[in-house]
Amino acid sequence: MTYEEAIAELLRVAGDYKSVSNAHDIEEAICKRNTTRLKDEVDKVVAELTLAPETVKIYVEHGVFIVEAFGLKSKTWDTIYDVDLLDSTRRSFTGYLDKAFKDFLNKCLYSSSITMKDIQRFCSHANLILNSVTPEVIDSLSKLGKELRQVDKDLSDETENYNKYCSNLKKAMYNAAELWLNETSIEPDMKLSIRDLRV
């Protein structure tokens, strides 16, 4: 391959770099915006499960599920946005809630002035919350989980395609530069200009 052929190949691989780059940025922004919107909807569904915020409050803060009662907070380690959790059966989600309530009791029981009566009240409200997880709530979370899974896949596919494009472009640029060096003799005091074909 000659240098001229390498340049032609480079231009073919690059195509309209600016358009490709802009399209990638737009697709990435759309996916991120959709992810944020879906996560906000999950947050809202979870917050609406709280029946008596003055006793037991549940909500999501930066993807972390929070149980709050008696002025104390407990956080779960697993993110609420896990698509396998959302896009699953009622048992899986209620099991997640049940574990979060147990984690709260485990964390806060001995380190505060919570009485047995408080524990009984907490357990009653926690049980009411668990029983309020209707099939409609599960359907809503399942739908959001499926949408999150699709947006994650779309973003992953877009990133993979763009990275492949950049990798091919880099190879073509390297090949052209190598052939140019083979055909050119650089003399002392020679002025060189390097142009970035990506811009």
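Bear in mind the structure is a predicted one, so any value in this text is a computation, not a measurement.

**With respect to a positive patch on the surface**
Here comes step 1: Residues Lys57, Lys73, Lys75 and Lys107 make up a contiguous surface patch of positive charge.
Here comes step 2: Following the sequence through the fold, Lys73 ends up in strand E3 (residues 72-79).
Here comes step 3: Residue class for Lys73 comes out partly exposed when judged on its relative accessible area of 38%.

**Digging into helix H5 (residues 116-131)**
Here comes step 1: When the terminal C-alpha atoms of H5 are compared, their 22 Å separation across 16 residues agrees well with the 22 Å that a helix rising 1.5 Å per residue should span.
Here comes step 2: Buried residues of H5: Asp118, Ile119, Phe122, His125, Ala126, Ile129 and Leu130, and no others. One face of H5 carries all of its buried residues, which in axial projection span an arc of 145°. Exposed residues lying more than 90 degrees from the buried face of H5 are Met116, Lys117, Gln120 and Asn131.

**Remarks on the packing of aromatic side chains**
Here comes step 1: Inspection of every chain in the model, using the stated rule, returns seven aromatic pairs.
Here comes step 2: For the pair Phe93 and Tyr96, a centre-to-centre distance of 6.4 Å together with 20° between the ring planes defines the contact as stacked. Here Phe93 and its partner Tyr96 are both found in helix H4 (residues 90-108), three residues apart, which amounts to about one turn of the helix. Tyr96 shares its class with Phe93; the two are buried.

**Quick notes on the packing of helix H1 (residues 3-14) against helix H6 (residues 135-183)**
Here comes step 1: The contact between H1 and H6 brings their axes to 9 Å, and the two run at 165°. Taken together, the axis directions place H1 and H6 in an arrangement best described as roughly antiparallel. Remark: the crossing between H1 and H6 carries left-handed chirality. When H1 is examined against H6, the residues Tyr3, Glu4, Ala6, Ile7, Leu10, Val13 and Ala14 are found in contact with a partner set consisting of Tyr165, Asn168, Leu169, Ala172, Met173, Asn175, Ala176, Leu179, Trp180 and Glu183.
Here comes step 2: Split into classes, the residues belonging to the contact of H1 with H6 amount to 13 nonpolar, two polar and two charged.

What counts and what doesn't
Residues numbered from 1 in each chain as written. Predicted model: local features only at pLDDT ≥ 70, side-chain atom pairs only at ≥ 80, totals over all residues. Heavy atoms only, no water. Patch = residues over 30% accessible without salt bridge, like charges linked within 9 Å, V, L, I, M, F, W, Y side chains within 5 Å. Areas by Shrake-Rupley, 256 points an atom, 1.4 Å probe, with all protein chains shown as cover. Salt bridge = Lys/Arg side-chain N within 4 Å of Asp/Glu carboxyl O. Lys, Arg positive; Asp, Glu negative; His and termini not counted. Charge placed at Lys NZ, Arg CZ, Asp CG, Glu CD. Helix = DSSP H or I, 4+ residues; strand = E, 2+ residues; numbered from the N terminus. Buried < 20%, exposed > 50% of the residue type's maximum accessible area, 1.4 Å probe, protein only. Expected span 1.5 Å × (residues − 1). Arc of directions from axis to C-beta. Phe/Tyr/Trp six-rings, centres within 6.5 Å; stacked < 30°, edge-to-face > 60°. Axes fitted to C-alpha atoms, helices over the stretch in contact; angles between N-to-C directions. Parallel < 35°, antiparallel > 145°, perpendicular 65-115°, else oblique. Left-handed = near helix turned anticlockwise from the far one by under 90°. Contact = heavy atoms within 4.5 Å. Nonpolar A, V, L, I, M, F, W, Y, C, P; charged D, E, K, R; others polar.

Purely geometric numbers; function is a separate question.
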